[in-house]
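Observations on the model geometry
What follows is each chain in one-letter form.
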Amino acid sequence: METIQKMWKGNIRQYGMIITLVLIMLLFQVLTDGLLLKPLNITNLILQNSYILVLAIGMLLVIITGHIDLSVGSVAAFVGAISAILMVKMQVHPVVAVIISLLIGALVGAWQGFWVAYVKIPSFIVTLAGMLLFRGLTMIVLDGQSIAPFPESFQLISSGFVPDLFGGSGLHLLTIVIGVLLSAILVWTEWSRRQTQRSYQFDVEPTGFFIAKLIGMVAVVNLFTFVLATYEGIPNILILLFALIVLYSFVMKKTVMGRHIYALGGNEKAASLSGVRTKQKTFWVFVNMGVLSALAGLIFAARLNAATPKAGVNFELDAIAACFIGGASATGGIGTVIGAMIGGLVMGVMNNGMSLIGLGIDWQQGIKGLVLLLAVAFDIYNKNKAS
Amino acid sequence: MAASLLEMRGITKTFPGVKALEDVNLQVKEGEIHALMGENGAGKSTLMKVLSGVYPYGTYTGDILFQGKVCEFRDIKQSEQLGIVIIHQELALISELSIAENIFLGNEQASRGIVDWQQTRVKARELLQKVGLQESPDTLISQIGVGKQQLVEIAKALSKKVKLLILDEPTAALNEEDSDNLLKLLLEFKKEGISSILISHKLNEVSRVADSITILRDGKTIETLETKTGEVTEERIIKGMVGRDMTQRYPQRFPVIGETIFEVKDWNVYHPVIPERKVIDEVSLHIRRGEIVGIAGLMGAGRTELAMSIFGRSYGKRISGQMFKHGKEIRITDIPEAIEQGIAYVTEDRKHYGLNLMDDIKRNISLAALGKLSKRSVVNENEEIKVAEEFRRKLNIKTPSILQKAVNLSGGNQQKVVLSKWIFAEPDVLILDEPTRGIDVGAKYEIYTIIHQLAAEGKGILLISSELPELLGMCDRIYVMSEGRITGEVERAEATQERLMKDMTKTRG
């Protein structure tokens, strides 16, 4: 019991965020008479929020290094526009067009990273300039017009589903199988982590608690895939998102690169004097943000099936809010990918739920603003209490 | 016997889970300099915060009597009104404002909300004269050194009609000359009837100026000593502070010195912002295996600049000169290369340059040598915990857990974490820049022991220190720097404070 209490205290921020998310979901589940968690709506939730979540991953890295990127919405729009010109006007093959678009994103990121990391201009200013610059460029290349439609194969990024290999009728069998496979992987990694900790003679969670935790996680995973299976199965975009989350969590938590990024955000001078190449790391974090902005731009364009001059407006604010709701520190050095994802989902569920109950956009904005403020206030309150 | 100005009786202050002060008594007489001593964490700062109203009346128990009247301060403003002014270790000046603006900050010379600049300047000039600072009131704080900034703080205190001046480690960041001036100033004030409470770790300055000394240990008053009666010796004070006899302040050591392992020749460095200013001028030095080499010098002599320029060119521009390790010339262009070549630099400012305060102990320890803990750039976190635990044990880092954030540690323990980081990087040459600054006597001894062990393992140590006794007690050989040049090299046997001081003050004729 004591260990559980200790773990609860140590992880109150993570658990707090998950509990907040669950509470908000329950609230809207009740308010919408069960509409929120309907398979169709769950699928919609994923599709609607995918590009914000992609942006939030990149933004999290930027925020951890102690910077900010206000330009991501404009960059997403710009890359969306370029991709439309390539695919619709120039008939370039979608795969080639996607690669070119991502490269352009990288170049944009390198441009901003150069000014931030090497010229030492505050990122707020560099990316504010970028926000204006790339919005302007978007309008120039689109000549103020929307371009549509995209080739169908490209649209599948955002609107396609993983095909069912087993041809199940009514229930998407492959999705169920994937859920079971994921559960197996989850159990195996958790178990082997525990074994390694044992072999180092560290304290491990009590067995009962460990098993309960595993059962809980497996239940959530399978329930989720089951719900998806009763509709159309797993959306393509979910696979992409999942891969990105796993990859970035791993990099930030387990690799030297990730450690260096945290150290750089926590104390740049100390990190530099400990042998971290701080300028180089900052530069690459912005390049990464550029690529992810481009990816988000592509996803959005594919979902909308058009490139428009107004695409991506306010995306940066949603992505930033997701990171802060998810526990990232505005001064850098603190934050997790999972946290940012939960933060993004909190915003997403609220958007979706409030729309379902017919709340106007005016009220939605106001309420989201308050939630952001309260989430961060709660976080700071906890931090002060802890120290 | 003079009347007592301040009496604190039976002060007890608890924080959740900790008794910071327990039944502490402090009596300061009119017109005396009263030193408050104790190890870090003994409760000195807490006591002063109770006195100045930072912890308001009601959050502690006990009585405060100032000039015979019971005081119940709710905030700092109230204590300042009575003339109790505290100057904190970290100066509370705003560097982009002028001296005059800083002196009257929060106490602006204004009528009906409009600042009278003429009066501000005139009054500021008077105050500056009193503290002996020859600067224009319009000079920006950022343009004067720490020593002068300290004087501005004191001028600010004087502007508040101070009767009791509290100085928290005022000389920690000052060189000998500035420290000297400051102490003389306190003696001046004493003649004018201003009493001071001086918190300091430096035994020599306390025994020089203080009339009485109160020693705190673990939140309790141990004793109050009168200097007049001659009962005060440095040994006596140390004994009171640490609760045991410290017969030796420096651990014993039998140096085994080998061949030269590191050498710098004709090293020149220019200022990073002012291109024509030469900060390091034709410096050559060498370090042998197992040797502790000191660098003495006044503030601004270029010691830190030299160390940092050697450590991967982390300071300065247009660096020229040669560097040799084990007799072979090496070229280092940045810090990762310096670490690769087995050079480590422990900074003088551990909070700003040494630690990631918001991160935990283990990640701070592993940061400089993550490569050793990782395979294909993936960090083995279990191995990392093991390493951190090992250092916690070996260096006696006092903490409930290695998952504790670095910000929660005391100065001595933070320094041990920084040392752990660099020991784990396994350097051949360790540059230690003021490794015991702001650290209490007990922890100092431990740090000295660690340095000795490192030397005994065959590493070469370069020790930069502003405390001459420390250099004399620790080093086998001492270089002296002045104005960016090496002005002397003294073997242990010939080293005396006088000799070092003479070389330290040598200027270009």
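Quick note: structure is the one above.
Computed from a predicted model, the values in this text were never measured in an experiment. (Residues numbered from 1 in each chain as written. Chains lettered and ligands numbered in written order. Predicted model: local features only at pLDDT ≥ 70, side-chain atom pairs only at ≥ 80, totals over all residues. Heavy atoms only, no water.)

1. Considering the overall build of chain B
A count of helices and strands for chain B gives 17 helices and 24 strands. Computed over C-alpha atoms, the radius of gyration of chain B comes to 24 Å, within 12% of the 23 Å expected from 2.2 N^0.38 for 509 residues, which places it in the range of a compact globule. Each principal axis of the C-alpha atoms in chain B carries an extent, and together these give about 70 × 50 × 50 Å. Expressed as a percentage of the 509 residues in chain B, the buried residues total 54%. When the accessible surface of chain B is summed, it comes to about 22,400 Å², and 48% of that surface belongs to carbon and sulfur atoms. Computing the positive centroid from 69 side-chain charges and the negative centroid from 73, chain B places the two 2 Å apart. (Helix = DSSP H or I, 4+ residues; strand = E, 2+ residues; numbered from the N terminus. Rg over C-alpha atoms; globule rule 2.2 N^0.38 Å. Buried < 20%, exposed > 50% of the residue type's maximum accessible area, 1.4 Å probe, protein only. Areas by Shrake-Rupley, 256 points an atom, 1.4 Å probe, with all protein chains shown as cover. Lys, Arg positive; Asp, Glu negative; His and termini not counted. Charge placed at Lys NZ, Arg CZ, Asp CG, Glu CD.)

2. Some remarks on the interface of chain B and chain A
The partner chain A presents 28 residues to the 33 residues of chain B that form the contact. Both faces considered, chain B and chain A share a buried interface measuring about 2,500 Å² in area, 58% of it formed by carbon and sulfur atoms. Among the residues of chain B in contact with chain A, B:Tyr353, B:Met358 and B:Asn382 are the three that bury the most area, contributing 23% of the side total. A:Lys254 is the salt-bridge partner of B:Glu381, the closest N and O atoms lying 3.0 Å from each other. Inspection of the chain B/chain A interface yields 10 residue pairs in polar contact (both at pLDDT 80 or more). Broken down by secondary-structure element, the contributors of at least two residues to the side of chain B that touches chain A are α10 (335-340), α11 (350-354), α12 (361-366), β20 (378-379), α13 (381-394) and α14 (411-424) of chain B. (Contact = heavy atoms within 4.5 Å. Buried area = accessible area lost by both parts, 1.4 Å probe. Salt bridge = Lys/Arg side-chain N within 4 Å of Asp/Glu carboxyl O. Polar contact = N/O pair within 3.5 Å; in protein donor to acceptor, adjacent residues only side chain to side chain.)

3. Some points on the packing of helix α5 (residues 94-118) of chain A against helix α6 (residues 123-142) of chain A
Residue and element names in this part refer to chain A. At a minimum axis separation of 9 Å, α5 and α6 run at an interaxial angle of 150°. Here the hand of the crossing between α5 and α6 comes out right-handed. Of α6, the residues touching α5 (which contributes Val108, Trp111, Gln112, Trp115 and Val116) are Ser123, Val126, Thr127, Gly130, Leu133 and Phe134. Here the residues of the contact of α5 with α6 sort into seven nonpolar, four polar and no charged. (Axes fitted to C-alpha atoms, helices over the stretch in contact; angles between N-to-C directions. Left-handed = near helix turned anticlockwise from the far one by under 90°. Nonpolar A, V, L, I, M, F, W, Y, C, P; charged D, E, K, R; others polar.)

4. Some words on the pairing of strand β21 (residues 429-433) of chain B
All names here are of chain B. Within β21, five of the five residues are buried, which leaves it mostly tucked inside the rest of the structure. Judged by which residues are buried, β21 turns out to be covered on both faces: Val429, Ile431 and Asp433 on one side and Leu430 and Leu432 on the other are all buried. Pairing geometry for β21 and strand β22 (residues 460-464), over five bridges, is parallel. Looking across to β22, one finds that leucine 430 is bridged to isoleucine 461. At this point the chain moves from β21, through helix α15 (residues 441-456), to the parallel β22, and the crossover so formed is right-handed. (Pairing = 2+ DSSP bridges. Right-handed = clockwise from strand over helix to strand, strands pointing away.)

5. Things to note about the environment of A:Ile342
Relative to the helices and strands, A:Ile342 resides in helix α15 (residues 337-356). Considering only alpha carbons, one finds A:Ile342 and A:Leu21, 321 residues apart in sequence, at a separation of 7.1 Å.

6. What to know about the pattern of salt bridges
Side chains that carry opposite charge are capable of pairing whenever their charged atoms lie near each other. Evaluation of the coordinates by the stated rule reveals 37 salt bridges over all chains. Here B:Glu7 and B:Arg9 are joined by a salt bridge, their closest N and O atoms 3.3 Å apart. Of the charged contacts in the structure, one is a salt bridge between B:Lys362 and B:Asp360, with a shortest N-O distance of 3.8 Å. Take B:Lys362 and B:Asp360: they sit in the same class, and that class is buried. One network of salt bridges, in which partners are shared, links A:Glu190, A:Arg193, A:Glu205 and A:Lys213.

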